[in-house]
Amino acid sequence: MTTSALRRQVKNIVHNYSEAEVKVREATSNDPWGPPSSLMSEIADLTFNTVAFAEVMGMLWRRLNDSGKNWRHVYKALTLLDYLLKTGSERVAHQCRENLYTIQTLKDFQYIDRDGKDQGVNVREKVKQVMALLKDEERLRQERTHALKTKERMALEGMGIGSGQLGFSRRSRGSPSSYTCE
């Protein structure tokens, strides 16, 4: 376990964060890699629960208000927000539209790291993508439909059912490899 992960775990306990808040904190950590899609999917599912929705969004807004050296919190929060807009409860988009100003202010996000690299550009570009999605209801609807179809397809593939084919037949006696999908 990394030092940052251990520190995050201690903070989670000390601050008595809920399971939903812990998941958002993990997805939006300062670690130099993106949030795992499996974790973002779990968080998206939580947005359909009224209590968990409030916890997820509360922590997400907190992360979006970070600044400076915590630019990854902001960037990953925007990445997660983009994912939630497409796959989470429709209340995510509703709440984002109510708080559009908070998101818009990130268009001016600035952070130059100690090597002189402008890390703020990542946040500014992600804000443009999220804002475009929020302002175009038709595109958001299409993205949500596409995400739902993808999720359904993945679930079917996970059950061993591919290309919409249901049922099995047996070609010949023998090993499991003699079973085929129909």
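Residues numbered from 1 in each chain as written. Predicted model: local features only at pLDDT ≥ 70, side-chain atom pairs only at ≥ 80, totals over all residues. Heavy atoms only, no water.

The chain appears in an unreviewed UniProt entry as ENTH domain-containing protein from Myodes glareolus. Word for word, the UniProt comment on the chain under Sequence similarities (unreviewed entry) is "Belongs to the epsin family." The record in UniProt for the chain states the following under Subcellular location (unreviewed entry): "Cytoplasm". (UniProt positions renumbered as here; feature names shortened; annotations may be inferred.)

Participant: Tell me about the environment of Glu26, residues and numbers included.
Facilitator: In this structure, Glu26 sits in helix α2 (residues 19–27). Glu26 gets classed as partly exposed once you look at its relative accessible area, which sits at 43%. A C-alpha to C-alpha distance of 8.4 Å links Glu26 and Ala5, two positions 21 residues apart in sequence. Among residues more than four places away in sequence, those in contact with Glu26 are Arg8 and Leu39. (Helix = DSSP H or I, 4+ residues; strand = E, 2+ residues; numbered from the N terminus. Buried < 20%, exposed > 50% of the residue type's maximum accessible area, 1.4 Å probe, protein only. Contact = heavy atoms within 4.5 Å.)

Participant: Run through the packing of aromatic side chains, naming residues and quoting values.
Facilitator: Throughout the structure, instances matching the rule amount to 0 aromatic pairs. Between the NZ or CZ atom of Arg91 and the centre of the ring of Phe53, over which it lies, the distance is 4.3 Å. (Phe/Tyr/Trp six-rings, centres within 6.5 Å; stacked < 30°, edge-to-face > 60°. Lys NZ or Arg CZ within 6 Å of the ring centre and 35° of its normal.)

Participant: Got a sec to walk through the nonpolar core? Specific residues and values, please.
Facilitator: In this structure, Met57, Leu81, Leu85, Cys96 and Ile103 are the most contacted members of the largest nonpolar core, which totals 37 residues. Going through the elements one at a time, α2, α3 (37–46), α4 (50–64), α5 (71–87), α6 (90–98) and α8 (120–135) are the ones with two or more residues in this core. Setting aside chain neighbours within four positions, we find Ile103 in contact with Trp61, Leu81, Cys96, Val127, Val130, Met131 and Leu134. (Core = buried A, V, L, I, M, F, W, Y, C linked by side-chain atoms within 4.5 Å.)

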